[in-house]
Amino acid sequence: MPGLGGRMNTLFKTKITKLLDRAEDPAETLEYGYQKQIELLQNVKKGIADVVTSKKRIQMQSQKLEQQLVKLDTQARQALSQGREDLARTALERKTLAQTELQSLDQQVSELERQQEQLTANEQKLRHKIEAFRTKKEVIKAQYSAAEAQVRIGEAASGVGEEMADLGLALQRAEEKTENMRARASAVEELEAAGTFDDLTQLGGGGDDIDRELAQLSGGAQVDDELARMKAELGPGGDESPPALEEGTPGRST
Amino acid sequence: MIVRISGEAQYQLPDADAERLNELDNQAVAAVEAGDEPTFQRHWNAMLELVTRDGDPLPDDELVESDVILPPRDLEFLEASAGFSGEGLIPD
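Just so you know, these numbers come straight off a predicted model, no measurement behind them.

### Details of the overall build of chain B
Here comes step 1: A count of helical and extended segments in chain B gives 3 helices and 4 strands.
Here comes step 2: Each helix and strand of chain B, ordered N terminal to C terminal, gives the series β-β-α-α-β-β-α.
Here comes step 3: Here chain B, with 92 residues, has 50% of them falling under the buried criterion.
Here comes step 4: For chain B, restricting intrachain contacts to residue pairs at least 6 apart in sequence, the fraction spanning at least 24 positions comes to 64%.

Below, the structure written as structure tokens:
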């Protein structure tokens, strides 16, 4: 298989070779070389801890955004009640962006939770496999000639090696993804601090240019709807009443 | 035939599925080369579905090497592309 599978097979073969072939006898490596196993299991624990830390950070980020949403909503209402539809519109546009970002953060949290579960399950599986290997090795030794046993034990060792390589790979992948999410969360924090929340769409990480344009289009419609709803809530006559601020802006009919 | 979905599990599949899996794999690769993400996703999902639908998960005490190892389920188009430009799916 030369395609997706083929590439992965080659990658795994290299990793398994690295894991097992350092010693003369791969089976001995597995049985007595607890070092590798312990090292890997410790890495898994650390990996899971990292995932949990990132998850908490993103959850805090979500909470801040929730507050931001309430604040922007209030600002929009205030602006509207003072006849400043332009300001209300800006606040609502930012609110829409913040909502989109919040959705993306929520998705990231679910993704991290999934990763955490998968890593934990795979760590358990690897433990079982290593135990099964120790048992199986004795059975094979008792049942087969030395030469035959050597071959069969070698095969079983490769099976465990593949599991180790797979867990190592999953761990590496989880770390990379977690790192990306962290970088994105920091970028959001910086933008927020700098007050340039309207640049959120420039952050990337979610969708391509077309997605973004579509989001802007639907965002525009959402802003219009919400503006209309707020106007209605502010009561009839809100549109007719003179602006609270004496600015004399004639462009109220937008 | 033993197929592993990386990051998940190993499955025992009927040998008859090898041809179909290979076919889908070739189509997925062609889509990557053509820069066609939707088609890639379609074939990639079909591969995963074939393995999980037709395959039986191997028990934990089964210690065998896989005949085919598929990338992780959440493989992204960009990663798949990088995989064929010599950079490798996961650079060492």
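Let us keep going from here.
### As for the sheet that holds strand 2 (residues 9-12) of chain B
All names here are of chain B.
Here comes step 1: Spatial ordering of the open sheet is given by 3-2-1-4, a layout of 4 strands whose pairing is mixed. What marks the edges here is a single partner per strand, and that holds for strand 3 (56-57) and strand 4 (68-70).
Here comes step 2: Alignment of strand 1 (residues 2-5) against strand 2, held across 4 bridges, turns out to be antiparallel. Within strand 2, the position partnered with V3 by the bridge is Y11.
Here comes step 3: Set on the sheet, helix 2 (residues 37-54) makes contact with strand 1, strand 2, strand 3 and strand 4; between it and strand 1 the angle comes to about 125°.

### Quick notes on the environment of E163 of chain A
Here comes step 1: Relative to the assigned elements, E163 of chain A resides in helix 5 (residues 146-193).
Here comes step 2: Classification of E163 of chain A by relative accessible area gives buried; the value is 3%.
Here comes step 3: C-alpha of E163 of chain A to C-alpha of R127 of chain A: the two residues are 36 residues apart in sequence and 9.9 Å apart in space.
Here comes step 4: Setting aside anything within four residues of it in sequence, one finds E163 of chain A in contact with K125, L126 and K129 of chain A together with R4 and Q10 of chain B.

### Brief notes about the nonpolar core
Here comes step 1: Counting 23 residues, the largest nonpolar core has V3, F40, W44, M47 and V51 of chain B as its most contacted members.
Here comes step 2: Among the secondary structure elements, those contributing two or more residues to this core are strand 1, strand 2, helix 1 (17-33), helix 2, strand 4 and helix 3 (77-84) of chain B.
Here comes step 3: If you tally residues by element for this core, the top one is helix 2 of chain B, at 6 residues.
Here comes step 4: Sequence-distant contacts of W44 of chain B, that is, excluding residues within four places in its chain, are made with L4 of chain A together with L70, P71, P72, R73 and L75 of chain B.
Here comes step 5: Among the nonpolar cores identified, the runner-up in size contains 21 residues, and V44, L126, A157 and M164 of chain A belong to it.

### Regarding the pattern of salt bridges
Residues and elements named next belong to chain A.
Here comes step 1: Scanning the entire structure with this criterion turns up 30 salt bridges over all chains.
Here comes step 2: The shortest N-O distance in the salt bridge between R77 and D73 comes to 3.0 Å. Residue R77 and its partner D73 are both found in helix 3 (residues 34-81); the two are separated by 4 residues, about one turn of the helix.
Here comes step 3: Residue classification places R77 among the partly exposed positions, given a relative accessible area of 28%.
Here comes step 4: Residue D73 is classed as buried on the basis of its relative accessible area, which comes to 16%.

### What to know about the confidence of the model for chain B
All names here are of chain B.
Here comes step 1: When the pLDDT values of chain B are averaged, the result is 84; 89% of them are 70 or greater.
Here comes step 2: Taken element by element, chain B is modelled with least confidence in helix 3, mean pLDDT 70, and with most confidence in strand 3, mean pLDDT 96.
Here comes step 3: Contacts for the low-pLDDT stretch residues 84-92, under 50 throughout, to residues beyond four places or in other chains number 22 contacts.
Here comes step 4: For this predicted complex, the interface score ipTM comes out at 0.84, alongside a pTM of 0.69.

### Here's the deal with the packing of helix 1 of chain B against helix 2 of chain B
All names here are of chain B.
Here comes step 1: Relative to each other, helix 1 and helix 2 sit at 160°, their axes nearing to 8 Å. In terms of orientation, helix 1 lies roughly antiparallel with respect to helix 2. As for how helix 1 packs across helix 2, the hand of that crossing is left-handed. Taking contact as the criterion, the partners of D17, R20, L21, L24, D25, Q27, A28, A31 and V32 in helix 1 are, on helix 2, T39, F40, H43, A46, M47, L50, V51 and D54.

Thresholds, definitions, all that
- Residues numbered from 1 in each chain as written.
- Chains lettered and ligands numbered in written order.
- Predicted model: local features only at pLDDT ≥ 70, side-chain atom pairs only at ≥ 80, totals over all residues.
- Heavy atoms only, no water.
- Helix = DSSP H or I, 4+ residues; strand = E, 2+ residues; numbered from the N terminus.
- Buried < 20%, exposed > 50% of the residue type's maximum accessible area, 1.4 Å probe, protein only.
- Contact = heavy atoms within 4.5 Å.
- Pairing = 2+ DSSP bridges.
- Axes fitted to C-alpha atoms, helices over the stretch in contact; angles between N-to-C directions.
- Core = buried A, V, L, I, M, F, W, Y, C linked by side-chain atoms within 4.5 Å.
- Salt bridge = Lys/Arg side-chain N within 4 Å of Asp/Glu carboxyl O.
- pLDDT = per-residue confidence, 0-100.
- Parallel < 35°, antiparallel > 145°, perpendicular 65-115°, else oblique.
- Left-handed = near helix turned anticlockwise from the far one by under 90°.

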